[in-house]
Amino acid sequence: QTFDQWDDLAAEPTAAAISSSSDAASSSKSSSVAVGRDIITSVCLLRASAALRTKIRSRGGDEVYEWERWLRQELWLQNQLLAKQQQQEKSKSTTPLPPWQGKDFFAAKIQPAAIVLNKFRTRQWDEFAFLSKDVNKKMTKKERSSVIARLDFLRDVIMGVTAAKEAEIVVLDILLRAEEEAASNGGGSSLDRYLEEFLPLVESWTLWMALTRPSPMQRHARVFSLLDAMDDIDSVGVGMVAEEDEMENVKAAMDEYEFGASAGGKRLAAAILKRMSTYVMLEEKKGIPDGEDVSVDFILPSKVTKESEWEKQWPEEEQRVEWMNRIGNLALVTSRPRSRSVKKRATDSSWEQKCINFKKEPWLLTRQLVELDGWDAA
């Protein structure tokens, strides 16, 4: 029966399965939700790494031994708790409690995490209980939008930048804790701290990972320190924030990063610009585009043809090379399928033509570009 439940969960998700997943994260009885094998594999890696506080390689077979070690550890811990509980209730009942087994491990550790991870990766924000108005009644509309903006940014960076993938370990942990808090308390002080304190910290550290590219050991150490803090949340002082020196390093790295020079850099730039634009729009109480796929467009084109208007405005090639790939020369645009000829025309477009296109964008920071008189070296 447990093998059948694993197979059901590992099946490719359908529209019906996705739409029925909202209650499954808090119920181990639902076996109809399918998330796919990739999600289950990722969940096993992420949750084993969190439980064992160790880096697990996903190649070479090492992950199998770590998964087994995680399973054995959980079975031992849970059966120790059951034995202690049975000892305390010995005088009340003579019926022994059944031991914790593989089916219990699947229902408690694998299935809920797989469903939550699938929601995160597929942007099913409305399916999270802690974001529901009916469950978390204290959360305002702006607070909800802010949390979604953070999660959306984290999702884009984690899935788009290899150096930040370890952040998903702690993101998944926060989401599981938030769902548990919402299910048990409908939102309380611990949930507030997860969303208002730990989540912003994870966002800052994820950006730090993506921009400065620390070693895997440094990235895991940062993730595990956050997990330890959340495990001991009652003892951790309120107001955890990223250190000022660290944020200065992030700002310096952003100034120097060649975002436009690689596909990964462009994805990171799109995530940052989208997050910035979303923040400004929330502050100005403007609606946020929902579910839009985004990319970036070079304002000063990556290739400037001779005797073009762009060459007149940027006559020094050295200066063009210096600024071309910086984030300040990239505009957030909505991704649309375009033919090669259309892409070429868009790349070679004049400033005036680009402004016509930017004015149609739903992103505030992009639309504000049209207020400038031009885009030159001055």
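It should be noted that the structure appears before, not after, this text.
Let me sum up the structure you'll find in this document. (Residues numbered from 1 in each chain as written. Predicted model: local features only at pLDDT ≥ 70, side-chain atom pairs only at ≥ 80, totals over all residues. Heavy atoms only, no water.)

Details of helix α10 (residues 244-256)
Let me state the cut-off plainly: Per the convention used, a helix needs a DSSP run of H or I reaching at least four residues, while a strand needs a run of E reaching at least two, with both numbered from the N terminus. What a helix should span is 1.5 Å times the count of its residues minus one. The cut-offs for exposure are 20% and 50% of the maximum accessible area for each residue type, with area from a 1.4 Å probe on protein chains only; residues under the lower value are buried, those over the upper are exposed, and the others partly exposed. Regarding the arc, it is the one traced by the directions from the helix axis to the C-beta atoms. Here, two residues are considered to be in contact whenever any of their heavy atoms come within 4.5 Å of each other.
Its 13 residues place the ends of α10 19 Å apart at the C-alpha level, agreeing with the 18 Å of an ideal helix rising 1.5 Å per residue. Here α10 has its buried residues at E246, V250, A253 and M254. Around the axis of α10, the buried residues are gathered within 100 degrees of arc, so they sit on the same side. Structural note: α10 exposes E244, D245, D255 and E256 on the side pointing more than 90 degrees away from its buried face. Buried residues along α10 sit in contact with α8 (189-212), α9 (216-231) and α11 (263-283).

Regarding the packing of helix α5 (residues 102-121) against helix α7 (residues 167-185)
So the rule is basically this: Lines fitted to C-alpha atoms define the axes, with helix axes restricted to the stretch in contact, and inter-axis angles between N-to-C directions lie between 0 and 180 degrees. Working definition: roughly parallel below 35 degrees, roughly antiparallel above 145 degrees, roughly perpendicular at 65 to 115 degrees, and oblique for all remaining angles. With the far helix as reference, a near helix turned anticlockwise by less than a right angle produces a left-handed crossing, and one turned clockwise produces a right-handed crossing. By the convention adopted, Pro, Cys, Tyr, Trp, Phe, Met, Ile, Leu, Val and Ala count as nonpolar, Lys, Arg, Asp and Glu as charged, and the other residues, Gly among them, as polar.
Relative orientation of the contacting elements α5 and α7 amounts to 110 degrees, with a least axis distance of 10 Å. When the interaxial angle is binned, α5 and α7 end up roughly perpendicular. Handedness of the α5/α7 crossing: right-handed. Along the contact surface, α5 presents P112, A113, V116, L117, K119, F120 and R121, while α7 presents E168, V171, L172, L175, L176 and E179. In terms of residue class, the contact of α5 with α7 is built from 9 nonpolar, no polar and 4 charged.

Section: the packing of aromatic side chains
Selection criterion: Ring pairs shown here join Phe, Tyr and Trp side chains whose ring centres sit within 6.5 Å, with only the six-membered ring taken for Trp; geometry is labelled stacked below 30 degrees between planes, edge-to-face above 60, and tilted in between.
For the structure on display, the rule yields 8 aromatic pairs. Geometrically, the ring pair formed by F128 and F130 is tilted, given 5.4 Å between the ring centres and 50 degrees between the ring planes. The exposure classification of F128 matches that of F130, with both residues buried. Feature note: the residues F120, W125, F128 and F130 constitute an aromatic cluster, connected by ring pairs.

Observations concerning the nonpolar core
Generally speaking, a soluble globular protein has its nonpolar side chains buried in company with each other. Note the following rule: Residues enter a nonpolar core if they are buried and are Ala, Val, Leu, Ile, Met, Phe, Trp, Tyr or Cys, with the set joined through side-chain atoms within 4.5 Å.
Membership of the largest hydrophobic core comes to 91 residues, with the highest contact counts inside it found for F130, L131, L211, F259 and L268. Of the residues forming this core, the biggest block, 13 residues, is contributed by α8. Non-local contacts of L268, meaning those with residues more than four positions away in its chain, are made with V157, V161, A210, L211, Y257 and F259. Core analysis: the second largest hydrophobic core is formed by 11 residues, W314, A331, W351 and C355 among them.

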